[in-house]
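Listed here are the chains, written in short residue letters.
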Amino acid sequence: MAQVTLQKIVKTFDRTEAVRGIDLDIADREFVVLVGPSGCGKTTTLRMIAGLEEITAGEIRIGGRLVNDVPPKDRDIAMVFQNYALYPHMSVFDNMSFGLKLRKVAKEEIKERVEAAAGILSIMELLDRRPRQLSGGQRQRVAMGRAIVRHPQVFLFDEPLSNLDAKLRVQMRTEIKKVHQRVQTTTVYVTHDQIEAMTLADRVVVMNGGRIEQVGTPNELYNHPNTRFVAGFIGSPAMNFIPCRVDAHGSGLKVKVADLPDLPVPAERAERYRPQVGRELLLGLRPEHIKESRGPLGPGISEIQARIEVVEPMGMETMVYFPVGGIDVCGRVAPEAGGRAGSAMPLAVDMNQMHLIDPATDRVV
C-alpha cells in the first residue's frame with residue numbers, strides 16, 4: 001500500500017515560513033493535485049515528499065514508513081519535472097532505462113519494462129531517437145515513461161505541462177489521466193492551473209500562503225467552497241464578489257445590491273442565512289449563473305437589466321461584463337443572445353447557486 005501522510009509539516013527558509021503546519025492524507029492509488037498561486041508552498045511540499053527539501057518540523061510517511069531522514073533514492077518514488085531533464089546524448093530507450101541500469105536490473109526485465117511503458121504512452125516508434133528529435137509533448141512522454149518503468153510506490157509531478165503550448169497541454173492532460181487509470185499508482189501533482197487540477201484530480205488540495213485552504217473533489221470545491229479564496233480560485237472566469245446586505249422580506253429574505261432590484265433568497269436557504277440579516281456581506285455568483293433571460297423564470301431565479309460594457313465572444317459562449325455598484329460583474333451567455341457593448345440586456349440570476357461571504361473572515365457563511 002502506498003498511502004502518503006503529512007503530519008504538521010513545516011518548512012522555514014531563514015525566517016520565512018513557506019509551509020505552515022499542514023496535514024494531508026493521500027490514499028493508495030489516489031490522484032491528488034496541489035494547486036494554488038505562486039509562492040503558496042505547493043512545490044515546496046512536493047519536494048519535501050520527494051526528499052529534495054529538508055523538513056523543518058513534522059512527519060512524512062510513505063506506505064506507513066517514516067521517511068523524514070530517508071534519502072530520495074530510497075523513498076521508492078519517481079518524479080517528473082517541469083523541465084524534462086533528459087540526457088541529450090542518449091536514445092529514448094536509454095533515457096527510460098538509465099535508472100534501472102543503475103539499480104542493476106536484468107537486461108531482459110529492463111527491455112520488458114521500457115517496452116511496456118512505451119506501449120502505454122504510444123512512443124514505441126521513438127525508442128531509437130534522441131531528445132533533440134522529439135517535440136515537447138514527446139519529450140514529456142519520455143519523462144513520464146522514465147518514471148513508469150521504475151514501478152514506484154508514488155509518482156510526483158512538478159508542473160509537468162507548463163512548458164507546452166495550450167493545445168498540447170489539453171492533449172497531455174488526457175494522456176496523464178489515461179496513464180493513471182492504467183498504472184493505478186498513487187500520484188501527487190503540482191500545478192498553478194486550476195483547470196488542470198479540476199480535470200485531473202480525484203481530490204484537489206487548494207493551498208494559499210503556506211496553508212491548506214480546502215481539500216475536496218473538484219465538484220465539492222466548485223459547488224461548496226469554504227472560503228472566498230477557494231471560491232475565487234476555482235472556476236474560470238472567476239466568481240463575482242458583489243457587496244450586499246441581507247434583509248428580511250416577509251417570512252423570507254432578500255439580498256440588496258447597489259444598482260440592482262432586490263434579489264429574493266431561495267426559501268430552502270432562508271434559515272441558513274437568517275442570522276446574517278442586516279449584515280454587510282459579499283454575494284458570490286459564478287458567471288455561468290448569470291445568463292440571458294429566456295421565457296418564464298424558474299424558482300430562485302431573478303431577472304435584472306444590465307448595461308453591457310464589454311463583450312468577449314469565445315465561440316461556444318460569450319462573456320458579458322457590466323457594472324454593479326462600481327464593480328465589474330461577468331455573465332456567461334449564449335453567442336446568439338445578442339449582447340452588445342453599450343446596450344441593455346435582460347439577464348437571469350440563479351440565486352439557487354448563490355454564496356454569501358463574510359468579508360471580515362473571508363469565510364463562506
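Scroll up for the structure.
For every chain, the first residue of its written sequence is number 1, and the numbers climb from 1 along that sequence. It should be noted that, the model being predicted, local features are given only for residues of pLDDT at least 70 and side-chain atom pairs only at 80 or more, the latter also being counted only at that level, while totals for whole chains, interfaces and linings use all residues. Computation of side-chain values covers all heavy atoms of the structure but excludes hydrogens and water.

(A) Layout of the overall build of the protein. Counting from the N terminus, the helices are the DSSP runs of H or I reaching at least four residues and the strands are the DSSP runs of E reaching at least two. For the protein, the count of helices and strands is nine helices and 22 strands. Counting only C-alpha atoms, the protein reaches 80 × 45 × 35 Å along its principal axes. Categorising residues by exposure relies on relative accessible area from a 1.4 Å probe, with only protein chains included: less than 20% of the type maximum marks a residue as buried, more than 50% marks it as exposed, and the intermediate range marks it as partly exposed. Burial status across the protein gives 49% buried among its 365 residues. In the form shown here, the protein has an accessible surface area of approximately 17200 Å², with 49% of it arising from carbon and sulfur atoms. With 47 positive and 45 negative side-chain charges, the protein shows a separation of 4 Å between the mean positions of the two kinds. Each accessible area value is a Shrake-Rupley result obtained with a 1.4 Å probe; residue values ignore everything except the protein chains displayed when judging cover. In this charge count, Lys and Arg are treated as positive and Asp and Glu as negative; neither His nor the chain ends contribute. Working definition for charges: the position is that of NZ of Lys, CZ of Arg, CG of Asp or CD of Glu.

(B) View of the packing of aromatic side chains. For Phe, Tyr and Trp, where Trp contributes only its six-membered ring, two rings pair if their centres lie within 6.5 Å, and the inter-plane angle classes them as stacked under 30 degrees, edge-to-face over 60, or tilted in between. For the coordinates displayed, the defined rule picks out five aromatic pairs. Between Phe31 and Tyr189, the aromatic rings sit 5.8 Å apart at their centres with planes inclined by 35°, giving tilted as the arrangement. Note that Phe31 is positioned in strand β3 (residues 31-35) and Tyr189 in strand β8 (residues 186-191), a separation of 158 residues in sequence. Ring geometry for Phe229 against Phe233: centres 5.6 Å apart, planes inclined by 15°, an arrangement best described as stacked. Here Phe229 and its partner Phe233 are both found in helix α8 (residues 228-233), four residues apart, which amounts to about one turn of the helix. Accessibility expressed as a relative area gives 23% for Phe229, which makes it partly exposed. The exposure class assigned to Phe233 is buried, which follows from its relative accessible area of 17%. Taken together through their ring pairs, the aromatic side chains of Phe31, Phe155, Phe157 and Tyr189 make up a single cluster. A cation over a ring is seen here: Arg286 above Tyr222, with NZ or CZ 4.2 Å from the ring centre. Sitting over a ring, as applied to charges here, requires NZ of Lys or CZ of Arg to be within 6 Å of the ring centre and within 35 degrees of the ring normal.

(C) Fine view of unusual backbone geometry. Pro237 follows Ser236 through a cis peptide bond whose omega is -5°. Note that Pro237 resides in the loop between α8 and β11 (240-249). One non-glycine residue, His151, lies in the positive phi region at around 50°. Relative to the helices and strands, His151 is located in the loop between α4 (136-148) and β7 (154-158).

(D) Focus on the sheet that holds strand β19 (residues 327-333). The pairing criterion for strands is at least two bridges between them, as found by DSSP. The three strands are arranged β17-β18-β19 in an open sheet whose pairing can be described as antiparallel. A single partner strand is all that each edge strand has here, and the edge strands are β17 (310-313) and β19. Strand-to-strand twist of the sheet, defined as the mean angle between neighbouring strand axes without regard to direction, takes the value 25°. The pairing of strand β18 (residues 318-324) with β19 spans seven bridges and is antiparallel. Across the sheet, residue Met319 finds its bridge partner in β19, namely Arg332. Note on geometry: axes are lines fitted to C-alpha atoms, helical ones only across the stretch in contact, with angles between N-to-C directions running from 0 to 180 degrees.

(E) Geometry of the packing of helix α2 (residues 92-102) against helix α3 (residues 107-121). Their axes nearest at 10 Å, the elements α2 and α3 cross at an angle of 135°. Taken together, the axis directions place α2 and α3 in an arrangement best described as oblique. Of the two elements, α2 crosses α3, and the hand of that crossing is right-handed. Contacts between α2 and α3 involve Phe93, Met96, Ser97, Leu100 and Lys101 on the former and, on the latter, Ile110, Lys111, Arg113, Val114, Ala117 and Ala118. Residues are sorted three ways: Asp, Glu, Lys and Arg are charged, Ala, Val, Leu, Ile, Met, Phe, Trp, Tyr, Cys and Pro are nonpolar, and all the rest, Gly among them, are polar. Partitioned by chemical class, the residues of the contact of α2 with α3 number seven nonpolar, one polar and three charged. What sets the label is the angle itself: under 35 degrees gives roughly parallel, over 145 gives roughly antiparallel, 65 to 115 gives roughly perpendicular, and the rest give oblique. Each crossing gets its hand from how the near helix is turned against the far one by less than a right angle, where anticlockwise is left-handed and clockwise is right-handed. The contact rule is simple, with two residues in contact once any of their heavy atoms fall within 4.5 Å.

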